[in-house]
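The lines below spell out each chain.
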Amino acid sequence: MVNNKTKKKLKKMKQMNHQTYPYPFPPPLENKPKCLIIIGEYSESNEVLSAITLFSVLGCELKVISPDYKQNDKVILSSHYYSDFNLAKQSLRASHIYTSIDSKLCGITHDFDNCNYKECDILFLPGGKAPHYLQNDKRVLNIISNFIERENTFIVANCNGVKLLLGLLKNR
């Protein structure tokens, strides 16, 4: 569910005419793999956008979904970076200066509840802050479990996206 703070940021970003991803894709070729990308608010923008680009170039049909979002909605992404800081002069570790900023909007291509994820061959789970709350969403965990149980599917998790797999792979 979108909170008021996020709604304000989305409105501001739309007014600033931020580029929205994914770009319009060419129609997928026959017999090409289908890729499901599960994102959430504040997923890492570089990971999401790089995956969209890569899977598109490979000719995959993309399904970008997010819990509680519908087709054509926009999800805010964030960029993480280390702020300028001279570690030699301070006693703080690098982890204390890790910062995130709002960066891009990502378009949702399918309704979360109506997406036929069972026809997808690839599941991509990007990192960022989203996996912290997506790991508590039973609907997301059910989709991931389905991919784990099926044969001939690939699961790609980047950075913090691995967190979504931890509890589901205990006996594997």
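Since the model is a prediction, treat every value here as computed from it, not as a measurement.

(A) Expanded view of the overall build of the protein. Along its length, the protein carries four helices and eight strands. Shown N-terminal to C-terminal, the secondary structure of the protein runs as helices and strands in the order α-β-β-β-α-β-β-β-β-α-α-β. Counting every position in the protein, which comprises 172 residues, the buried fraction comes to 41%. Accessible surface, the protein as shown: approximately 10,400 Å² in total, 50% of it carbon and sulfur.

(B) View of helix α4 (residues 138-149). Over its 12 residues, α4 runs 16 Å from end to end, which matches the ideal 16 Å to within 8%, given 1.5 Å per residue. Taken together, the buried positions of α4 are Val-140, Ile-143, Ile-144, Ser-145, Asn-146, Phe-147 and Ile-148. On its buried face, α4 is in contact with β2 (34-38), β4 (61-65), β7 (122-125), α3 (130-134) and β8 (154-157). Two or three places before Arg-139, at the start of α4, stands the capping residue Asp-137, its side-chain oxygen 2.9 Å from that residue's backbone nitrogen.

(C) Seen up close, the sheet that holds β7. Here we have four strands laid out as an open sheet, ordered β4-β2-β7-β8, and parallel in their pairing. Only two strands of the sheet have a single partner each, and these edge strands are β4 and β8. Put simply, the sheet's adjacent strands are angled 20 degrees from each other on average, direction ignored. Direction of pairing for β7 relative to β8: parallel, over a ladder of four bridges. Across the sheet, residue Leu-125 finds its bridge partner in β8, namely Ala-157.

(D) Representation of the pattern of salt bridges within the structure. Enumeration according to the criterion identifies five salt bridges in this entry. Lys-63 is the salt-bridge partner of Glu-119, the closest N and O atoms lying 2.3 Å from each other. Of this pair, Glu-119 sits in the loop between β6 (98-107) and β7 while Lys-63 is found in strand β4, placing the two residues 56 residues apart along the sequence. We note a salt bridge from Arg-139 to Asp-68, for which the minimum N-O separation is 3.3 Å. You can see Arg-139 sitting in helix α4 and its partner Asp-68 sitting in the loop between β4 and β5 (74-82), a full 71 residues away along the chain. Accessibility expressed as a relative area gives 30% for Arg-139, which makes it partly exposed.

What counts as what
- Residue positions are counted from 1 within each chain, in the order its sequence is given.
- Per-residue local features are limited, in this predicted model, to residues with pLDDT of at least 70; the limit for side-chain atom pairs, both in listing and counting, is 80 or more; totals at the level of whole chains, interfaces and linings are taken over all residues.
- By convention in this description, side-chain values take in all heavy atoms of the structure and omit both hydrogens and water.
- Helix numbering and strand numbering both begin at the N terminus, where a helix is a DSSP run of H or I of at least 4 residues and a strand a DSSP run of E of at least 2.
- Three exposure classes are used, based on accessible area relative to the maximum for each residue type with a 1.4 Å probe and protein chains only: buried under 20%, partly exposed in between, and exposed over 50%.
- We get accessible surface area from the Shrake-Rupley algorithm with a probe of 1.4 Å; when it comes to residues, only the shown protein chains can shield them.
- For a helix, the expected span equals 1.5 Å multiplied by the residue count minus one.
- Any two residues having at least one pair of non-hydrogen atoms within 4.5 Å are treated as being in contact.
- Pairing of N or O atoms within 3.5 Å defines a polar contact, subject to two protein rules: one partner must be a possible hydrogen donor and the other a possible acceptor, and residues neighboring in sequence count only if both atoms are side-chain atoms.
- Only strands joined by at least two bridges in the DSSP assignment are considered to pair.
- Here an axis means a line fitted to C-alpha atoms, over the contact stretch when the element is a helix, while the angle between two N-to-C directions is reported on a 0 to 180 degree scale.
- For this analysis, a salt bridge means a side-chain nitrogen from Lys or Arg found within 4 Å of a carboxyl oxygen belonging to Asp or Glu.

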